[in-house]
Amino acid sequence: TRSLSGDGQASHEFIGSTESAVVFNYEEGSDNTATLTVSETRPNAFPMLEAIGRGRLRVELPPDLPLDVSFIGGDGTVSLSMDGLSVERLNLDLGRGEALVVLPEYDPLASPDDANLGALVVREGNLTLFVPQTVGARFELSGGGSQPEYDPNTYNLLVSGDGVLE
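Below: a short report on this structure.

Analysis parameters
- Residues numbered from 1 in each chain as written.
- Predicted model: local features only at pLDDT ≥ 70, side-chain atom pairs only at ≥ 80, totals over all residues.
- Heavy atoms only, no water.
- Helix = DSSP H or I, 4+ residues; strand = E, 2+ residues; numbered from the N terminus.
- Buried < 20%, exposed > 50% of the residue type's maximum accessible area, 1.4 Å probe, protein only.
- Contact = heavy atoms within 4.5 Å.
- Areas by Shrake-Rupley, 256 points an atom, 1.4 Å probe, with all protein chains shown as cover.
- 1 Å grid on protein atoms, 1.4 Å probe; cavity = no way out; pocket = protein on both sides within 12 Å on 5 of 7 lines; lining within 4 Å.
- Points joined across faces, edges and corners; volume = space filled by probe spheres on them.
- Nonpolar A, V, L, I, M, F, W, Y, C, P; charged D, E, K, R; others polar.
- Pairing = 2+ DSSP bridges.
- Axes fitted to C-alpha atoms, helices over the stretch in contact; angles between N-to-C directions.
- Salt bridge = Lys/Arg side-chain N within 4 Å of Asp/Glu carboxyl O.

Another point: the overall build of the protein chain. Within the protein chain, the regular secondary structure consists of 0 helices and 9 strands. The burial tally for the protein chain puts 23% of its 166 residues in the buried class. For the protein chain, the share of sequence-separated contacts (at least 6 apart) that also reach a separation of at least 24 residues comes to 41%. Per element, the accessible surface of the protein chain, about 11,600 Å² overall, is 48% carbon and sulfur.

What follows is the structure, encoded as structure tokens:
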């Protein structure tokens, strides 16, 4: 399994500033679903400067569990390695920073082939996305007219700038 505990259960680990409060909330729904919400806040209005620093949050989940993942962050570096997971939908919203996303080799079961399976947004920064060669993908780009870097032997850029890459 891909869990820290080695027993197939979801696990998490936070290493970072003592000026951050990280809360994990797990709720099971009556429809055989569960929601794990992870929130980081800064409880002190005036944090101690020597205690502020970068943090690292690591969440590992069993590979056979269908997932809808939604990440919202203010700024920083985000790495979402979804390889080996059953990701049905993925949403990322990062205010500022760098994001690295590795998509899994997985065909979502709960969605038709033409469904929108999420949005990956980095407002000020760069997004690096790895897609397995066996996965068909269509990306609607909205990057202020900037040209994406991509392998032209694998993808077609249908419209330059803000357009479609498939």
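Anyway, onward from the coordinates.
Its boundaries defined by the atoms lining it, the second largest pocket holds a volume of some 1,900 Å³. For the second largest pocket, the lining is made up of 50 residues, of which Leu120, Leu127, Leu129, Phe139 and Leu141 are closest to its centre. The greatest single-element share of the lining of the second largest pocket, amounting to 10 residues, is contributed by strand 7 (residues 120-130). Among the residues making up the lining of the second largest pocket, the classes are represented as 25 nonpolar, 15 polar and 10 charged.

Pairing of strand 2 (residues 21-28) with strand 3 (residues 34-41), which is carried by 8 bridges, proceeds in the antiparallel orientation. Residue pairing in the sheet places alanine 21 in a bridge with threonine 41 of strand 3. The hairpin turn running from strand 2 into strand 3, its antiparallel successor, is 5 residues long, and asparagine 32 in that turn takes a positive phi close to 65°.

We now examine the sheet that holds strand 7. Pairing in this open sheet of 3 strands is parallel, and the strands run 5-6-7 from one edge to the other. Each edge of the sheet is formed by a strand with only one pairing partner; in this case those strands are strand 5 (66-81) and strand 7. Shown here is a sheet whose adjacent strand axes are inclined to one another by a mean of 25°, direction ignored. The pairing of strand 5 with strand 6 (residues 86-102) spans 15 bridges and is classified as parallel. Looking at strand 6, one finds that phenylalanine 71 is bridged to leucine 92.

Scanning all chains against the criterion turns up 4 salt bridges. Taking the shortest distance from any N to any O, the salt bridge between arginine 89 and aspartate 68 comes out at 3.0 Å. With arginine 89 in strand 6 and aspartate 68 in strand 5, the pair connects residues that are 21 residues apart, well separated along the chain. A residue is classified by how much of its surface remains accessible, and arginine 89, at 29% relative accessible area, is partly exposed. In this structure, arginine 138 and glutamate 166 form a salt bridge, with 2.8 Å as the shortest nitrogen-oxygen distance. Note that arginine 138 is positioned in the loop between strand 7 and strand 8 (139-140) and glutamate 166 in the segment after strand 9 (164-165), a separation of 28 residues in sequence. A relative accessible area of 48% means that arginine 138 is categorised as partly exposed.

Distances and angles like these do not, on their own, reveal function.
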